Every structure is written in C-alpha cells, then in structure tokens.
Amino acid sequence: MAKALKIVELGDPILFKKAAPIPDVLHPDIQTLIDQMIETLKHANGVGLAAPQVGVSKRLYLVWPDPVATTAADIRIVINPKLTQLPSPKVRDIEGCLSIPGMRGTVSRHQLVQLQYQDRTGETHSVTLRDFEARIVQHEHDHLDGIVYLDRISATQDLMTEGYYTRMEENL
Ligand code: NI
C-alpha cells in the first residue's frame, strides 16, 4: 500500500510556483505519486489536495467532495486540467487549506465551472461542476498556479482561526 506523504506548509516556496504539465500520465512515478496522494488525502481528512502540497510541482490534484458518503475510489483524479469559469454568480463560503493549518477564510468563488482533464489512465474528461465541488476545484487549481486562498481574501476580517471557526460551527 502506498505511503502518505508529508504536506508542505505555508512558507515553502513550492506553494508559490507554477506547476509543470505531466506529459506521460502512465509513467510509474506518476502512478505511485497518485496512490501516495490518495493516502495523504485520506490521512489528512481533506477534500482536496494538489501535487505542490506534497512537494511535487506538477499539474495534478485530487478532489473528494464527500469523504463521508463516498469512498477513496470516488476521488476525482485531475491531471493537466483546463478550468473555465461559466457565467454564474460568485458565492462566498469558508475555506481551509491543508498547507495552512489553524486558519480559515471566507473566499468568493464561481458557482459553476467547466473542467477538462485527464484521469490516471490518460483519458480526457470534460465536466460541469457546481457549488462545493466547483469551489474545491477552483481552490486546488489555484495551487497549480502558485496561488493560495489567502491571495483571494479581500479583507483581513474574512480570516479566522480554526478555534474560532470550530466554536462558531458548534454554536450554529
Ligand atoms: Ni489548499
């Protein structure tokens, strides 16, 4: 079984680099990396993970909108993606990032996106995604371009600590 990888945290310059395309999706190193990233995502209880977050500056990320009701087999493996924002309202919601522990922030994202990508067999897909999955894709896609959600925060007031977030959720 693949081993979970260490997640790089804010401060590591790899998070601010533009990631490179993957010419050979079927290369054994890429297949191993995908398995390791799946283990890492499961282990971290996350809903998305981009390759730069495990120290690999390549255009690959995982999206797992519902880890409770679905299994790891349902993780969307996104390679060499092209993301298009579809005409839709922008929606504000709270995000976190495995590379920025202890923080949350309210980020405005498009409700509807079109995603074209290769899966781990190299097959090309084109899907329309909405709401939470669209949000995760926009967040992960940013990681490939050296952008973190903090760059999308419009005011400091939109940031909060994990502790504040947890207490707020408990009081809802
Ligand atoms: Ni992130």
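Our subject in this report is the structure included herewith. (Residues numbered from 1 in each chain as written. Predicted model: local features only at pLDDT ≥ 70, side-chain atom pairs only at ≥ 80, totals over all residues. Heavy atoms only, no water.)

Within the element layout of this structure, His139 appears in helix 2 (residues 131-144). Judged by relative accessible area, which is 6%, His139 ranks as buried. His139 has contacts with Glu95, Gly96, Cys97, Arg109 and Tyr149, leaving out every residue within four places of it along the chain. (Helix = DSSP H or I, 4+ residues; strand = E, 2+ residues; numbered from the N terminus. Buried < 20%, exposed > 50% of the residue type's maximum accessible area, 1.4 Å probe, protein only. Contact = heavy atoms within 4.5 Å.)

Turning our eyes to something else, we now look at the nonpolar core. Counting residues in hydrophobic clusters, the biggest one holds 18 residues, and the most contacted among them are Ile34, Met37, Leu60, Leu62, Ile75, Ile77 and Ile79. Mapped onto this core, the elements with two or more residues apiece are helix 1 (28-44), strand 2 (60-63) and strand 3 (76-85). By residue number, the principal contributor to this core is helix 1, which donates six residues. Discounting chain neighbours no more than four positions away, the residues touching Ile77 are Ile34, Ile38, Leu60, Tyr61, Leu62, Tyr117, Gln118, Asp119 and Arg120. (Core = buried A, V, L, I, M, F, W, Y, C linked by side-chain atoms within 4.5 Å.)

Another point: the sheet that holds strand 5 (residues 103-110). The strands that make up a sheet pair up through hydrogen bonds in the backbone, lying either parallel or antiparallel. Ordered in space as 4-5-8, the three strands form an open sheet in which the pairing is antiparallel. Both edges of this open sheet fall to strand 4 (90-95) and strand 8 (159-161), since each of them pairs with a single strand only. Going from strand to strand, the sheet's axes swing by 25° on average, the running direction of each strand aside. As defined by bridge partners, strand 5 adjoins strand 8 across three bridges and the pair is classed as antiparallel. Within the sheet, the bridge partner assigned to Arg104 lies in strand 8 and is Met160. Lying on the sheet, helix 2 is in contact with strand 4 and strand 5; it crosses strand 5 at an angle near 105°. Each of strand 4, strand 5 and strand 8 is contacted by helix 3 (residues 162-170), which is oriented at about 85° to strand 8, the strand it contacts most. (Pairing = 2+ DSSP bridges. Axes fitted to C-alpha atoms, helices over the stretch in contact; angles between N-to-C directions.)

With that settled, the discussion passes to the sheet that holds strand 1 (residues 48-50). Taken in spatial order, the five strands make up an open sheet running 1-2-3-6-7, and their pairing is antiparallel. Lying at the two open borders of the sheet, with one neighbouring strand each, are strand 1 and strand 7 (124-130). Within the sheet, the average angular offset between the axes of one strand and its neighbour, ignoring direction, is 40°. Bridging between strand 1 and strand 2 involves three bridges; their strand directions are antiparallel. Within the sheet, the bridge partner assigned to Leu49 lies in strand 2 and is Leu62. The sheet strands contacting helix 2 are strand 1, strand 2, strand 3, strand 6 (112-118) and strand 7, and the helix crosses strand 2 at an angle near 155°.

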